[in-house]
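Coordinate inspection notes
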Amino acid sequence: MNDDRPTPEQMLARVKTEGEPSGATARRGRLKLFFGYAAGVGKTYAMLQAAQALKKEGRDLVVGYAEPHGRPETEALLDGLECLPALTVSYRGAALREFDLDAALARKPEIVLVDELAHTNAPGLRHAKRWQDVEELLASGIDVYSTVNVQHLESLNDIVAEISGVVVRETFPDEVFARADDVALIDLPPDELLVRLRQGKVYVPQQAAFALEKFFRRDNLVALREIALRETADRIHEDVEVARRGAAAKVPWPTYERLLVCVGSSPTSAKVVRAAKRLADRLDAPWVAVHVQTAQAERMSDADRQRLHQHLHLAESLGAEIVQISGADVVSELLQYASGRNVTKIVVGKTDAPRQWWRLARLSLVERLVRDSGKIDVFVVRGVGEPTVVNVAADARTAPANLRPWVGTAVALGLATLLSLAIEAVGFTEANLVMVYLLAVVAVAARYGAFPSVAASLASVLLFDVLFTEPYYRMTVHDTQYLLTFAAMLVVGLLASTLTARVRYQADVARRNERRTEALYRLSRRLTAIAKTSELIEEAERTVSEVFEAHAVVFLPDEHGKVRPIVDHLATFAASAAEFTAAQWVLDHDEPAGRGTNTLPSAEATYLPMATPNGVVGVLAVQAENPNEPRSPDAQHLLDTYATQIAFAVERIRLSDESQQAELRIETEKLRSSLLSAVSHDLRTPLAAIAGAASSLAENRDSLNATVRDELLETIREESERLARLVENLLHMTRLSSGRITLNRQWQPLDEVIGSALRRMERQVAGREVRVELAEDVPLAHLDDVLIESVLVNLIDNATKYSQPGSPLEIRGEAISGGVALEIADRGRGLLPGDESQIFEMFYRGADAKPDRRGTGLGLAICQAIVRAHGGAIEARNRPGGGAVVRFIIPSGEPPPSLDFAATEPSRP
Amino acid sequence: MTSSDALIAVIEDEPPIRRFLRASLSVEGFRVAEAATAKDGLRLITQERPALVLLDLGLPDADGLTIIEQVRQWSTMPIIILSARGEEQSKVEALDAGADDYLSKPFGVGELLARIRVALRHAARISDAGVETTVFRFGRIRGDLAERRVFVNDEEVKLTKLEFDLLATLVRNAGKVLTHRYLLKEVWGPYAVDEPHYVRVFMANLRKKLEPDPSRPEYLLTEQGVGYRLKGD
């Protein structure tokens, strides 16, 4: 892994810094941060000053939100600047002033000023945090100026808390800070700040007043100032790095490092995560937050589980890749994973808590990790417990006492006792009795787990003591050697139960993972097989609903880019307008929203973007059946995977539809051009004949004898009829191929359509014997008479064209199962090899086509199109004795109507 | 038997067709009045009261159908529509709206004059009702509507009641096209109009009994997609 190619992360980072997003997406706005170490250093002031300067340059600038803090010199700076009115939100009786994001987006100036980047928005606003508002502004191409203090940086949060003793709740991700295009450090020596404070020039929020004394101590301020300066210096260092890498890609880069941090449910874990983040930043290394699930995890309380999820979320929000592995032993699993991922450093926390007594003999996790880590560096961070916000939904999930294990245990012991009594009666030694009890204990352990097995061990000891050792029926032991027996029984019971519990847990984990993986595999397989979007969405929704025990709805954009559910859902969340808003937001911003996220958290469902490299194709909405149960990070990741799977499937169908459309267009285009050339030839020939004959008649009126005149007139008539047929064919063809035609199918006797076709072709078949064979039992056929007549006309025309004048024609109709079959047979030269397969293709004129051959080759193609439109088939072959026969089948689809009406005498009107 | 100086109105927007119609009709002794639009056509019909109207269904300013409907409000004058092959549905609509017959473009002079004669004859019979004869004959087939008897080559043919009713309806309108709907209504009653296969099956039976070669009928002709016509004259 130590090659010098840029990693994807590095490339991505560079792309972002260069501010030129790939593709046609709009330019992202630039973020300038005014960064200070404490309130009162003059960030807002500096920002407004910069704004005034820009205003003078004539830039389009709007103050989105500014805390004037009641200082006149700051307020004076607002003079002449356009200010957006603040949004007033009432929350629990108080009126809160908030930044109006939508107003800013609607106004769309060049630059918006938004004070206090780390601010937490009032509930009910679109985003939970103001930095998200800013992100949205930037995403829509608006530049933003904002202010922030060092203690609000997520990764510095606990350091600051440690120094100042004040826990800062309002934080923002380091990512935002790192991505800021400009950071202006606003510095003021601590002594001056303290002077300003005493003069009342520093605004301190009411609720934080009690912390004032604690916070604005000189040593505190010096420490904070140092952190702020250091952060800024780090940024500058990074800028230099980027410049260097950009300039010469071949310059050796720092060795490739990868960090791993162990995450657990312990309250100290959050600090360890932040420490790892800082270390990773310093090393410019990617980092992984790993949680190892063990058998104990199964017994984890809800509060612990929720804390674990919070820690993993924290790590993710700080830029870590999060991974959950399950196994029996934390240390060996960690190390195995670490070596698999080329991890160079492991960060792990240690606790100050005294070690539990039963662990005294064993090495702690940290000790073992250090001992076994080999080449990997291990960083041990002292963890400090911090209050985590845990809101377990009324921890009333204490399962109803399950009596079955205890009944089972009692039964096992009863059986063991009976057997022992029997064995003793036979005269076996006590050692055998011990074995019988041991067997019972192991059986209980294997079947019912730890507690019943411990109980069983104790009970066996008691039973053995009371029933089989002297003095009988008393709980005393005379012979001390039995104490060893008792101890052995207890230990065996405990060991057996621990081992089985572990095995069972791992089997459970494996089973659950397998189930999900299998579901995913199944889904992806099914999705590949589906060719219709609506069916695909239905399948996807069903699978996601089953796997995640949730209602799932997929939204896709319509042609106007507005989301709508594809499958109709009755009375679910998908019907409400607020939910649509959330789905629309996700589609537009390619970021999750809704319940459990920081955007529109009041929505009923969680909305995930279904994204492919080509963009967001839709939104997957998931509403858990039990909304109080937070989704675990691995479930969340799996859900993301599902969303991606579905996205690719949707995209695949869209692309294949598009390519089909394109193919169709090309086909149509090809058809059109060959049609044009064929038609122009076929139109020209009869037109030339008509025009020639007519002009000859007009100019030589007197010199022509009667025979010649009649011939010319006959030519005009014949050729016009040919033209008329050609036009009819073209008309049918265009209607059929454009799909505009709807068959007017009716039940009718075959002889009628044959008769009318023959009448139309009367002149062509003149002088030939035409035999029509129609069996008596031929049922009514279900067909469009005009179109089928056209088929017959074309076939008869063809037969006369390819056979000698005067040779016979045959037309046969017969009943076949489910319809009728018709045949037109001639005694002409028949088909040439190769004709059978191609003869029905458009513009095919036979294997020996000569340019002077009459006809477009359209006739048989039309016959095929018409017959296929009826759901039938057409084929041509040579017949014994010479000649060709064309046979086509018209299926009825349904049984012919009854003719019972013949019996009933209808009333005359 | 045709009133040779009868006035025929030609409402058609294509000059070549008008020219061809004018030439062919005046040779036969008809007087011809022409209009190129529906508006002019309607005016022509109301002012000149022609003996017959030749009406193109595809006029530039209005659907020919509306002209038929308007004329039928006050007159039974014969209207023959001119329409292209492939537009069977609009022909049926026009016929059901009251047009008397149709000609598919392209058509020959023979066909044109035959239609006109049949239409004029029908109009004459309607105007002096009661003269209708009950005896008919076409080719080898003859019969008497009043006696309900039919003979082929002087041999009596047994027809069912419905077959005879169907034949009688065709005979009374000899030479004129009759739509499936019209025949169903006339023979089976108003409730059968959506069962067009009734007519087809009975027509097939009738052909088997009357025509020498039922699959190549000489008299009971199919107008594909429209209806039937008993070959007149």
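The structure this text deals with has already been given above.
Residues numbered from 1 in each chain as written. Chains lettered and ligands numbered in written order. Predicted model: local features only at pLDDT ≥ 70, side-chain atom pairs only at ≥ 80, totals over all residues.

1. Some points on the overall build of chain A
For the record, the criterion: Helix and strand definitions here come from DSSP, where helices need a minimum of 4 consecutive H or I residues and strands a minimum of 2 consecutive E residues; each element is numbered from the N-terminal end. Counting other C-beta atoms within 10 Å of each residue's C-beta, where C-beta atoms are placed from the backbone, gives the exposure class: buried for 20 or more, exposed for 12 or fewer, partly exposed between. What counts as a contact is two residues whose backbone-derived C-beta atoms lie within 7 Å of each other.
Each helix and strand in chain A was counted, giving 27 helices and 25 strands. Across the 909 residues in chain A, those meeting the buried criterion constitute 34%. In chain A, 70% of the contacts between residues at least 6 apart in sequence involve partners at least 24 apart.

2. Considerations on the interface of chain B and chain A
We count it as follows: Lys, Arg, Asp and Glu make up the charged group, whereas Ala, Val, Leu, Ile, Met, Phe, Trp, Tyr, Cys and Pro make up the nonpolar group; the residues left over, Gly among them, are polar.
Across the contact, 23 residues belong to chain B and 28 residues belong to chain A. The element that contributes the greatest number of residues to the side of chain B that touches chain A is helix H8 (residues 196-210) of chain B, accounting for seven residues. For the side of chain B that touches chain A, the residue count by class is 11 nonpolar, seven polar and five charged.

3. Notes on the sheet that holds strand S23 (residues 819-826) of chain A
Residue and element names in this part refer to chain A. Defined as follows: Pairing between strands requires that DSSP locate at least two bridges from one strand to the other. Fitted lines through C-alpha atoms serve as axes, helices being fitted only where they are in contact, and the angles separating the N-to-C directions of these axes extend from 0 to 180 degrees.
Strand order in this open sheet of five strands is S20-S22-S23-S25-S24, and the pairing throughout is mixed. Each edge of the open sheet carries a strand with a single partner, namely strand S20 (770-774) and strand S24 (873-878). When the angles between neighbouring strand axes are averaged without regard to direction, this sheet yields 15 degrees. With six bridges connecting them, S24 and strand S25 (residues 884-891) associate as antiparallel partners. Looking at S25, one finds that Asn878 is bridged to Ala884. Its contacts with the sheet place helix H24 (residues 750-760) against S20, strand S22 (809-816) and S23, and it is angled at close to 165 degrees to S20. Running at roughly 20 degrees to S23, helix H25 (residues 785-801) makes contact with S22, S23 and S25 of the sheet.

4. Some details on the packing of helix H11 (residues 269-283) of chain A against helix H13 (residues 302-317) of chain A
All names here are of chain A. For clarity, the cut-off: Geometric relationships in this document are graded by angle, where less than 35 degrees denotes roughly parallel, more than 145 denotes roughly antiparallel, 65 to 115 denotes roughly perpendicular, and other angles denote oblique. Should the near helix be turned anticlockwise from the far one by less than a right angle, the crossing is left-handed, and should it be turned clockwise, the crossing is right-handed.
Two elements in contact, H11 and H13, have axes whose closest approach is 10 Å; the angle formed by their N-to-C orientations is 15 degrees. The angle between H11 and H13 places the two elements in the roughly parallel class. Where H11 crosses over H13, the handedness of that crossing is right-handed. When H11 is examined against H13, the residues Ser269, Ala270 and Val273 are found in contact with a partner set consisting of His311, Leu314 and Ala315. Here the contact of H11 with H13 is built from residues that sort into four nonpolar, two polar and no charged.

5. What about the packing of helix H19 (residues 481-529) of chain A against helix H20 (residues 533-548) of chain A?
All names here are of chain A. Contact pair H19 / H20: the axes reach a minimum separation of 10 Å and the direction vectors enclose 175 degrees. With respect to each other, H19 and H20 are oriented roughly antiparallel. Contacts between H19 and H20 involve Arg516, Ala519, Leu523, Arg526 and Leu527 from the first element and Leu536, Glu539, Ala540, Thr543 and Val547 from the second. Of the residues contributing to the contact of H19 with H20, the split by class is six nonpolar, one polar and three charged.

6. Section: H25(A)
Note the following rule: Expected span, for any helix, means 1.5 Å times one less than how many residues it has.
End to end, H25(A) covers 24 Å across 17 residues, agreeing with the expected 24 Å (1.5 Å per residue, within 8%). In terms of residue burial, H25(A) counts as a mostly covered element, since 15 of its 17 residues are buried.

7. Digging into the sheet that holds strand S12 (residues 227-230) of chain B
Residues and elements named next belong to chain B. The three strands are arranged S10-S12-S11 in an open sheet whose pairing can be described as antiparallel. Two strands in the sheet have a free side with no partner beyond their single neighbour: strand S10 (177-179) and strand S11 (220-223). Strand-to-strand, the axes of this sheet are offset by a mean angle of 30 degrees, without reference to chain direction.

8. A short note on the nonpolar core
Definition in use: Connectivity within a nonpolar core runs through C-beta atoms within 7 Å, and the core itself is a set of buried Ala, Val, Leu, Ile, Met, Phe, Trp, Tyr and Cys residues. Start and end points for every domain follow an automatic or database-based domain assignment.
In terms of nonpolar packing, the biggest core is built from 59 residues, with Leu54(B), Leu55(B), Ile81(B) and Leu166(B) touching the most fellow members. For this core, the domains that each give at least three residues are domain 1 (7-127) and domain 2 (135-230) of chain B. Grouped together as the second largest cluster of nonpolar side chains are 53 residues, Val114(A), Phe177(A), Leu224(A) and Ala228(A) included.

9. Here's the deal with unusual backbone geometry
Cis geometry is adopted by the peptide bond preceding Pro106(B), which originates at Lys105(B) and carries an omega value of -5 degrees. Looking at the element boundaries, Pro106(B) is found in the loop between strand S5 (101-105) and helix H5 (109-127). Residues other than glycine seldom take positive phi values, yet Leu600(A) does so here, at roughly 45 degrees. With respect to the helices and strands, the residue Leu600(A) is situated in the loop between strand S16 (593-594) and strand S17 (606-612). One non-glycine residue, Asn153(B), lies in positive phi territory at about 50 degrees. Looking at the secondary structure, you find Asn153(B) in the loop between strand S8 (149-152) and strand S9 (155-157).

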